[in-house]
Amino acid sequence: MLPSFNSIISMKYGMTKTAARCRAATVAAFKRNIRTAAGTSKGTYQYESGDVQLGGEIQGKPDNMQLWAMES
């Protein structure tokens, strides 16, 4: 699931352009920890200007299942 594609699908189902832009900006600005069986990292990573945007939504977001259902 690509966040930019999800925004387009969400707008098709009634999400406003402003809400879609806000959602996309929030996802792009997230700081993420790494969680493994050994524990959760203290450091974080995030996208920097010019980085290649990875596909996929962020684990644990409450809207992932709804987005998946809309795209299926």
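Residues numbered from 1 in each chain as written. Predicted model: local features only at pLDDT ≥ 70, side-chain atom pairs only at ≥ 80, totals over all residues. Heavy atoms only, no water.

**Student:** Just to check I follow, could you spell out the side chain of S10 for this structure?
**Tutor:** Within the secondary structure layout, S10 lies in helix α1 (residues 3-12). With near-sequence residues (within four places) excluded, S10 lies in contact with M15, L67 and M70. (Helix = DSSP H or I, 4+ residues; strand = E, 2+ residues; numbered from the N terminus. Contact = heavy atoms within 4.5 Å.)

**Student:** Is there a simple way to think about the packing of α1 against helix α2 (residues 17-29) in this case?
**Tutor:** Think of two packed helices as two axes; the pair is described by the angle between the axes and how far apart they sit. Viewed as axis vectors pointing N to C, α1 and α2 meet at an angle of 160°, and their least axial separation amounts to 10 Å. In terms of orientation, α1 lies roughly antiparallel with respect to α2. Crossing of α1 over α2 shows right-handed handedness. Packed against α1, whose contacting residues are P3, N6, S7 and M11, the element α2 presents K17, A20, R23, A24 and V27 at the interface. Classifying every residue of the contact of α1 with α2 by side-chain character gives five nonpolar, two polar and two charged. (Axes fitted to C-alpha atoms, helices over the stretch in contact; angles between N-to-C directions. Parallel < 35°, antiparallel > 145°, perpendicular 65-115°, else oblique. Left-handed = near helix turned anticlockwise from the far one by under 90°. Nonpolar A, V, L, I, M, F, W, Y, C, P; charged D, E, K, R; others polar.)

**Student:** Where do I start with α2 in this structure?
**Tutor:** Residues separated by three or four positions in an α-helix point in the same direction, a consequence of the helix having 3.6 residues per turn. Taking 1.5 Å as the rise per residue, α2 with 13 residues should run 18 Å; its terminal C-alpha atoms sit 18 Å apart, in good agreement. For α2, the full list of buried residues reads A20, R23 and V27. The arc that holds the buried residues of α2, viewed along the axis, is 65°, so those residues lie on one side. Opposite the buried face of α2, at more than 90 degrees from it, the exposed residues are K17, T18, R21 and A29. (Expected span 1.5 Å × (residues − 1). Buried < 20%, exposed > 50% of the residue type's maximum accessible area, 1.4 Å probe, protein only. Arc of directions from axis to C-beta.)

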